[in-house]
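Examining the three-dimensional arrangement
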Amino acid sequence: MGVSADLDSSATSSRRTPLIAGNWKMNLDHLQAVAFVQKLHWTLKDAKHEDGSVEVAVFPPFTDLRTVQTLLDADKIPFALGAQDVSTQDSGAYTGEISGAFLAKLDASYVIIGHSERRQYHAETDEVVAAKVKAALKHSLVPVICVGETLEQREESGPTAVSVAQLQVALEGVPADADIVIAYEPVWAIGTGQVASPEQAQEVCAAVRRVVAEKLGEDAAARTRVLYGGSVKAANIASFMREPDVDGALVGGASLVVDEFAAIIRYQKHVGV
Ligand code: 13P
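Residues numbered from 1 in each chain as written. Predicted model: local features only at pLDDT ≥ 70, side-chain atom pairs only at ≥ 80, totals over all residues. Heavy atoms only, no water.

With an unreviewed UniProt entry as reference, the protein chain is termed Triosephosphate isomerase, source organism Microbacterium terrae. Recorded in UniProt for the protein chain, the comment headed Catalytic activity (unreviewed entry) runs: "D-glyceraldehyde 3-phosphate = dihydroxyacetone phosphate". (UniProt positions renumbered as here; feature names shortened; annotations may be inferred.)

Written out as structure tokens, the structure reads:
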């Protein structure tokens, strides 16, 4: 076990339903998405994950959302649906942007905000991330707010400083009763196979939870799920889920492989959890 959050909230982690989220990034077109979701559902059927002990969410590209929504609805598949980004604006002359209102109409529950790939390739600042968090909440979407440091930043300012600073801006003006999820994704662990240790993940997830407590109060800190993301695999998920402040995972590459993602969702079956 790693460093505990020094908050009552970590001791009550059993109150938080674990969330295993698959961020597909720019992978799987809408036809491949249908085959993938059907196969994942079929693979999990015997796992009785439908008992609600773990929540499963998929985050397909925008062009797949309507198709996946229709499939989940028609086949009564108990996966939550999320988008990978949202506009700061509701509507208007913003070519290429997608409104939170449109996502809400598609029954999307979640939206990823501030992923490091958007910060890096689309120059999203902490202020843009904060505006997107507000846009998501306005349309009753749960923002999955991503924070995390590069290796250089970790060496310069330690493991928690960047995530804490990013989250402090992202939570500015967010009401205490808002439903949010935080994902700690160290940039150096994304898609690299260089996974953080469970202790490293715990240390930052605990710091993140302290920011939620400072900004939104102890109740919010006890309720909010904090995920770890970065080279999560079936082989390492159980070690993260043992940590008191890690409430799930945001999975990239491994969420595109049915058997691997199903095994991650079934982490409770792994020895020692
Ligand atoms: P990988 O699981 O491929 O490292 O990606 C993590 C991620 O960025 C999820 O949002």
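Focus: the overall build of the protein chain
The helix and strand tally for the protein chain stands at 12 helices and 8 strands. Taking 273 residues into account, the globule formula puts the C-alpha radius of gyration at 19 Å, and the protein chain, at 17 Å, falls close to it. Considering only C-alpha atoms, the protein chain reaches an extent of 50 × 45 × 35 Å along its principal axes. Counted over contacts in the protein chain with a minimum sequence separation of 6, partners at least 24 positions apart contribute 76%. Carbon and sulfur atoms form 52% of the exposed surface of the protein chain, whose accessible area is close to 12,000 Å². The average position of the 24 basic charges and that of the 36 acidic charges among the side chains of the protein chain differ by 5 Å. (Helix = DSSP H or I, 4+ residues; strand = E, 2+ residues; numbered from the N terminus. Rg over C-alpha atoms; globule rule 2.2 N^0.38 Å. Contact = heavy atoms within 4.5 Å. Areas by Shrake-Rupley, 256 points an atom, 1.4 Å probe, with all protein chains shown as cover. Lys, Arg positive; Asp, Glu negative; His and termini not counted. Charge placed at Lys NZ, Arg CZ, Asp CG, Glu CD.)

Some thoughts on the confidence of the model for the protein chain
The pLDDT averaged across the protein chain works out to 93; a share of 92% of its residues lies at or above 70. Throughout residues 1–12 the model reports pLDDT below 50, and contacts reaching past four residues in sequence, or to other chains, amount to 32 contacts. (pLDDT = per-residue confidence, 0-100.)

Some words on the site of the ligand
Near the ligand the following residues occur: N23, K25, H115, E185, A189, I190, G191, G230, S231, L250, G252 and G253. N23 places a side-chain nitrogen or oxygen 3.0 Å from an oxygen atom of the ligand. Between H115 and the ligand, the recorded distance is 2.8 Å, taken from a side-chain N or O atom to an oxygen atom. Contact with the protein chains hides 95% of the accessible area of the ligand, taken as 300 Å² for the molecule alone. (Near = heavy atom within 4 Å. Polar contact = N/O pair within 3.5 Å; in protein donor to acceptor, adjacent residues only side chain to side chain.)

Focus on the environment of V147
Relative to the assigned elements, V147 resides in strand β5 (residues 142–147). Sequence spacing of V147 and Q89 is 58 residues, and the spatial spacing of their C-alpha atoms is 22 Å.

Comments concerning the pairing of β5
The element β5 is largely enclosed, with a buried count of 6 among its 6 residues. Of the two faces of β5, the one holding V142, V144 and C146 and the one holding P143, I145 and V147 are both buried throughout. Looking at chain direction, strand β4 (residues 110–113) and β5 are connected through 4 bridges and run parallel. When the sheet's bridge partners are listed, I113 is paired in β5 with I145. For β5 and strand β6 (residues 181–184), the ladder comprises 4 bridges, and the chain directions are parallel. (Buried < 20%, exposed > 50% of the residue type's maximum accessible area, 1.4 Å probe, protein only. Pairing = 2+ DSSP bridges.)

Notes on the nonpolar core
Counting 70 residues, the largest nonpolar core has I20, V37, L40, L167, I182 and Y228 as the members making the most contacts within it. If you tally residues by element for this core, the top one is helix α9 (residues 198–216), at 9 residues. Contact partners of L40, with chain neighbours within four places excluded, come to F79, V258, F261, A262 and I265. Within the second largest apolar cluster, 14 residues are counted, among which are I112, V142, L227 and L250. (Core = buried A, V, L, I, M, F, W, Y, C linked by side-chain atoms within 4.5 Å.)

Some remarks on the sheet that holds strand β2 (residues 55–59)
Backbone-to-backbone hydrogen bonds pair the strands of a sheet. The strands run either parallel or antiparallel. Reading around the circumference, β1-β2-β3-β4-β5-β6-β7-β8 is the order of the 8 strands in this closed barrel, with parallel pairing throughout. Here the strands of the sheet are splayed against their neighbours by 25° on average, with no regard to which way each runs. Sheet analysis places β2 next to strand β3 (residues 79–83), joined by 3 bridges and oriented parallel. Within β3, the residue paired with V58 across the bridge is L81. Docked against the sheet, α9 engages β5, β6 and β7 (225–229), running at close to 145° with respect to β6. (Axes fitted to C-alpha atoms, helices over the stretch in contact; angles between N-to-C directions.)

Describing the UniProt feature "binding site: substrate" (unreviewed entry) in the protein chain
Mapped onto this numbering, the UniProt entry annotates "binding site: substrate" (unreviewed entry) at N23, W24, K25, G191, S231, G252 and G253. Across 231 residues in sequence, these annotated residues keep their C-alpha atoms within 14.0 Å of one another, forming a single compact spot. Within the secondary structure, W24 sits in the loop between β1 (19–23) and α2 (30–44). Within the secondary structure, G252 is located in the loop between β8 (248–251) and α12 (258–265). Look at G252 and you get buried, because its relative accessible area is 18%.

Considering the pattern of salt bridges
Per the stated rule, a full pass over the model turns up 13 salt bridges. Close ionic contact of K138 with D90 constitutes a salt bridge, the shortest N to O distance being 2.4 Å. Taken together, the residues span a long stretch of sequence, with K138 in helix α6 (residues 126–138) and D90 in the loop between β3 and α4 (100–105) at a distance of 48 residues. We classify K138 as exposed; its relative accessible area is 56%. Judged by relative accessible area, which is 29%, D90 ranks as partly exposed. Between E149 and R154 there is a salt bridge, and its shortest N-O distance comes to 2.8 Å. (Salt bridge = Lys/Arg side-chain N within 4 Å of Asp/Glu carboxyl O.)

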